[in-house]
Amino acid sequence: MALRVTQGMIQSQLVNNLNKNMNVMANSQDQLATGRKINKPSDDPVGITYALRYRSEIAINDQYQKNITSATSSVEHIDTVLGQINDLITRAKELTIKGVSDTSTPESRVAIAEEMDGIYSNLITLGNEQLNGRYIFNGQQTLTQPYTEATAGTKDVDNGEIFLTLAPGVNISTNMSGNVVFGTSADTDNLFTVVKTIRDAFNSNQADVATSAMTNLDTRLNKFLGIRSEIGARANRIEMLENRSEDLNLTLNSLSGKTEDADMAETITKLQTQQNVYQASLSVGAKIISPSLVDYLK
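Everything in this summary refers to the structure shown in the same document. In this text, all values refer to a predicted model and were calculated from it rather than measured experimentally. (Residues numbered from 1 in each chain as written. Predicted model: local features only at pLDDT ≥ 70, side-chain atom pairs only at ≥ 80, totals over all residues. Heavy atoms only, no water.)

**Thoughts on the packing of aromatic side chains**
Under the convention used in this document: Ring pairs are drawn from Phe, Tyr and Trp, using the six-membered ring of Trp, whenever the two centres fall within 6.5 Å, and their geometry is named by plane angle: stacked under 30 degrees, edge-to-face over 60, tilted for the rest. Put simply, DSSP H or I for four residues or longer makes a helix, DSSP E for two residues or longer makes a strand, and each gets a number counted from the N terminus. Relative accessible area decides the class of each residue, using a 1.4 Å probe on protein chains only: under 20% of the type maximum gives buried, over 50% gives exposed, and in between gives partly exposed. In this analysis the charged atom, NZ for Lys or CZ for Arg, is taken to sit over a ring once it is within 6 Å of the ring centre and within 35 degrees of the ring normal.
By the definition in use, this model includes five aromatic pairs. Aromatic side chains Y120 and F192 sit 6.3 Å apart centroid to centroid with 85° between the ring planes, which places their arrangement in the edge-to-face category. In this pair, Y120 sits in helix α3 (residues 106-127) while F192 sits in helix α5 (residues 191-203), placing the two residues 72 residues apart along the sequence. As far as burial versus exposure is concerned, Y120 and F192 are alike and both buried. Aromatic rings pair up to connect Y120, F137, Y147, F182 and F192 into one cluster. For the cation-ring pair, R199 lies above Y120, with the distance from its terminal atom to the ring centre recorded as 5.6 Å.

**Regarding α3**
Put simply, the rule is: To estimate how far a helix should reach, multiply one less than its number of residues by 1.5 Å. The arc in question is the one spanned by the directions pointing from the helix axis to the C-beta atoms.
With 22 residues, α3 should reach 32 Å at 1.5 Å per residue; the first-to-last C-alpha distance of 31 Å fits that figure. Those residues of α3 that sit buried are R109, I112, A113, M116, I119, Y120, L123, I124, L126 and G127. Down the axis of α3, the sector holding all buried residues measures 155°, keeping them to one side. Counted as exposed and oriented over 90 degrees from the buried face of α3: E107 and E114.

**Observations concerning the layout of surface pockets**
Spelled out, the test is: Detection works on a 1 Å grid of protein atoms alone, calling trapped sets that fit a 1.4 Å probe cavities and calling open sets with protein on both sides within 12 Å along at least five of seven lines pockets, with lining residues defined by an atom within 4 Å of a point. Grid points are joined across faces, edges and corners, and a volume is the space filled by probe spheres set on the points. Here the nonpolar group is Ala, Val, Leu, Ile, Met, Phe, Trp, Tyr, Cys and Pro; Asp, Glu, Lys and Arg are the charged ones; every other residue, Gly included, is treated as polar.
Roughly 300 Å³ of internal volume is contained in the largest pocket. Every residue lining the largest pocket is counted, 14 residues in all, and those nearest its centre are S74, L131, R134, I162 and T174. Within the residue set of the lining of the largest pocket, elements represented by two or more residues are α2 (45-100) and β2 (134-135). Ranked by residue count, the leading element in the lining of the largest pocket is α2, at four residues. Class assignment for the residues of the lining of the largest pocket results in six nonpolar, seven polar and one charged.

**Thoughts on the pairing of strand β4 (residues 170-173)**
Our working rule: A pair of strands is labelled paired if DSSP reports no fewer than 2 bridges between them.
Bridge analysis of strand β3 (residues 163-167) against β4 gives four bridges, and the strand direction is antiparallel. Bridging across to β4, T165 finds its partner in N171. Hairpin connection, β3 to β4: the antiparallel pair is bridged by two residues, and G169 has positive phi, about 75°.

**Thoughts on the pattern of salt bridges**
Convention followed: Salt bridge, as applied in this entry: a Lys or Arg side-chain nitrogen positioned within 4 Å of an Asp or Glu carboxyl oxygen.
The tally for this structure, following the rule as stated, stands at 10 salt bridges. Among the salt bridges present, the one from D117 reaches R199, with a minimum N-O distance of 2.8 Å. One end of the pair, D117, is in helix α3; the other, R199, is in helix α5, with 82 residues separating them in the sequence. What makes R199 buried here is its relative accessible area of 15%. Here E230 makes a salt bridge to R234, at a shortest N to O gap of 2.9 Å. Here R234 and E230 lie together in helix α6 (residues 207-260), a separation of four residues that amounts to about one turn.

**Considering α5**
We apply this condition: Pairs of N or O atoms are called polar contacts if they sit within 3.5 Å, as long as, within protein, a hydrogen donor faces a hydrogen acceptor (for residues adjacent in sequence, only side-chain-to-side-chain pairs).
For α5, with 13 residues, the first-to-last C-alpha span of 18 Å sits near the 18 Å given by 1.5 Å per residue. Buried residues of α5: L191, F192, V194, V195, K196, I198, R199, A201 and F202, and no others. Its side-chain oxygen at 3.0 Å from the backbone nitrogen of F192, N190 defines the N-terminal cap of α5. Positive phi shows up at N205, right after α5, with a value of about 60°.

**Quick look at the side chain of N128**
Cut-off, in case you're wondering: Contact between two residues is taken to exist if any of their heavy atoms lie within 4.5 Å; hydrogens are not considered.
Mapped onto the fold, N128 is located in the loop between α3 and β1 (130-131). In terms of polar contacts, N128 uses its side chain to reach the backbone carbonyl oxygen of Y147, at 2.9 Å. Ignoring any residue separated from it by four or fewer positions in sequence, one finds N128 in contact with Y135, Q145, P146 and Y147.

**Thoughts on the nonpolar core**
Which entries qualify depends on this criterion: Here, the term nonpolar core denotes a set of buried Ala, Val, Leu, Ile, Met, Phe, Trp, Tyr and Cys residues that are joined through side-chain atoms within 4.5 Å.
L82, I85, L123, F137 and F182 are the most contacted members of the largest nonpolar core, which has 50 residues in total. For this core, the element with the highest residue contribution is α2, accounting for 12 residues.

In structure tokens form, the structure reads like this:
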């Protein structure tokens, strides 16, 4: 038995086809407007899974990069301050050598003592150095001033470390305790104590006391050079992690773009083709259904 095709069936099929063409055009227009080929899960169920994964990994890596920026700032600042402390230690050593010389007079030693006093004050200032309003040499007690001229050398500061996560499973300390830099109160080579001892020795013209203290100054200087090397090693590792994070960010964004981003030239071409198909559908439909229905569809 032959299937009877009615005018209503023809009209219904035409409407369905026109709607499909309009939906296809609407999808292309969405891609042009957003620049993405995936605007809802139904656009690409598999692709959206990868897209969400890449977005998550990019967000995590962005946080690592923020931590790296913070760590870099902290470590570089510490290195700068350590460089200034190193200059003071070197100058203290030069003055001490000059002061213990047999050619130095009591008057010249008093003058040296005055400069040593200035070095001591500058060491206190550097020991209380801050970054973003936080003390860099007081461990985790960053809001508490670590040193005063009266207590430096006799009072220890906090030893707590401040770690930042710079990569999965990679935590790096971004601070350094003053106990490590200047020495603890129990250390015979505590920098504050040694400088004060040398200062007072020259004030009282006791070259032998200054000579003995100079040995402790040398010990502290050797330790200090090791500390600077450690900070340099941290800075190098942070730089390596920064480069790795930047490379990863480029890779993730590239993968995300390939998954989500629309090819604009291709999409424009598609849309033009789809518009031509739609217009052709309207033209053909006008010939097979009544004008009143075609007018309604337009």
